[in-house]
Amino acid sequence: MDKIVSIVFIAFMGAAVSAQTTWKPDKAHSQVSFAITHLGISEIEGSFDSFEATINATKEDFSDADYDVEIDASSINTGVGRRDDHLRNPDFFNVENNPKITFKGKATEKISDGKYKVSGDLTMNGVTKPVTLEIWHRGTIENQKGEKVAGLKITGKVNRSNFNLGPKFPEAVLSDEVLLEADGEFKKQ
């Protein structure tokens, strides 16, 4: 009897694993960006031009998805070279010692149809903190090549002080709150 239960369990686990789907970003239609307030009167926006992401889910609606994002911190781009160089130095991202920004999503909670909260660990500047991000699954379609493509928007807010980013710059100069956004198309692998 134990042998039969073991075989059924192994078969069930194999089916569950094989039902998992991996999704990767279509880089031409995806971006990772941020915004921060400068001097309390203007918003400075930027992006990271180099990143990788993997989403694993067993459900088509992404309600059980795991997220794994890795960003090349040196690829920061605000459109101003001197500012980008400053953001790469030890005052901010210290990319020589901390070349990657990562997010590992651990738990997905459904808020409403197509909307979720994902809790996980965000690592920037060598500091790891738990964060909760919001996910909007805009839908899944079949593109001209017959590939399944899902549209996802990920947003959240973090405090730069929690990651020791720009500690020499008071909130009157740079807001502590930073808005994060990743928006893109993810292809089923």
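A brief report on the enclosed structure follows. (Residues numbered from 1 in each chain as written. Predicted model: local features only at pLDDT ≥ 70, side-chain atom pairs only at ≥ 80, totals over all residues. Heavy atoms only, no water.)

1. Here's the deal with the overall build of the protein
Then step 1. For the protein, the helix and strand inventory stands at 2 helices and 10 strands.
Then step 2. Starting at the N terminus and ending at the C terminus, the protein contains elements arranged as α-β-β-β-β-β-α-β-β-β-β-β.
Then step 3. Projecting the C-alpha coordinates of the protein onto the three principal axes gives extents of approximately 70 × 40 × 30 Å.
Then step 4. Expressed as a percentage of its 189 residues, the buried residues of the protein come to 37%.
Then step 5. For the protein, the share of sequence-separated contacts (at least 6 apart) that also reach a separation of at least 24 residues comes to 55%.
Then step 6. When the accessible surface of the protein is summed, it comes to about 11,000 Å², and 53% of that surface belongs to carbon and sulfur atoms.
Then step 7. The average position of the 23 basic charges and that of the 29 acidic charges among the side chains of the protein differ by 1 Å. (Helix = DSSP H or I, 4+ residues; strand = E, 2+ residues; numbered from the N terminus. Buried < 20%, exposed > 50% of the residue type's maximum accessible area, 1.4 Å probe, protein only. Contact = heavy atoms within 4.5 Å. Areas by Shrake-Rupley, 256 points an atom, 1.4 Å probe, with all protein chains shown as cover. Lys, Arg positive; Asp, Glu negative; His and termini not counted. Charge placed at Lys NZ, Arg CZ, Asp CG, Glu CD.)

2. Notes on the nonpolar core
Then step 1. Core analysis: the biggest nonpolar cluster contains 38 residues, and Phe-62 and Phe-93 have the highest contact counts within it.
Then step 2. For this core, the secondary structure elements donating two or more residues are β1 (21-38), β3 (51-57), β4 (66-72), β6 (100-112), β7 (115-124), β8 (127-142), β9 (148-159) and β10 (174-188).
Then step 3. Excluding anything up to four places from it in sequence, Phe-62 contacts Trp-23, Ile-55, Ala-57, Tyr-67, Thr-108, Tyr-116, His-137, Thr-140, Ala-150 and Leu-152. (Core = buried A, V, L, I, M, F, W, Y, C linked by side-chain atoms within 4.5 Å.)

3. What about unusual backbone geometry?
Then step 1. The phi dihedral of Asn-125 falls on the positive side, at around 55 degrees, and the residue is not glycine.
Then step 2. Here Asn-125 lies in the loop between β7 and β8.
Then step 3. Residue classification places Asn-125 among the buried positions, given a relative accessible area of 11%.
Then step 4. Here Asn-164, not a glycine, exhibits a phi torsion of approximately 55 degrees, which is positive.
Then step 5. In this structure, Asn-164 sits in the loop between β9 and β10.

4. Observations regarding the environment of Gly-156
Then step 1. Relative to the helices and strands, Gly-156 resides in strand β9.
Then step 2. A C-alpha to C-alpha distance of 5.2 Å links Gly-156 and Leu-180, two positions 24 residues apart in sequence.
Then step 3. Excluding residues within four positions of it along the chain, Gly-156 makes contact with Leu-133, Val-178, Leu-179 and Leu-180.

5. Structural notes on the pattern of salt bridges
Then step 1. This model, assessed by the stated rule, comprises 11 salt bridges.
Then step 2. One salt bridge connects Glu-60 with Lys-188, and the closest N-O pair in it is separated by 3.9 Å. Placement of the pair is Glu-60 in the loop between β3 and β4 and Lys-188 in strand β10, with a sequence separation of 128 residues.
Then step 3. Looking at Lys-188, the relative accessible area reads 32%, which means it is partly exposed.
Then step 4. Of the charged contacts, one joins Asp-113 and Lys-110 as a salt bridge, the two residues approaching to 3.6 Å between their closest N and O atoms.
Then step 5. The class for Asp-113 is exposed, based on a relative accessible area of 69%.
Then step 6. Overlapping salt bridges, with partners in common, bring together Glu-60, Lys-148 and Lys-188 in one network. (Salt bridge = Lys/Arg side-chain N within 4 Å of Asp/Glu carboxyl O.)

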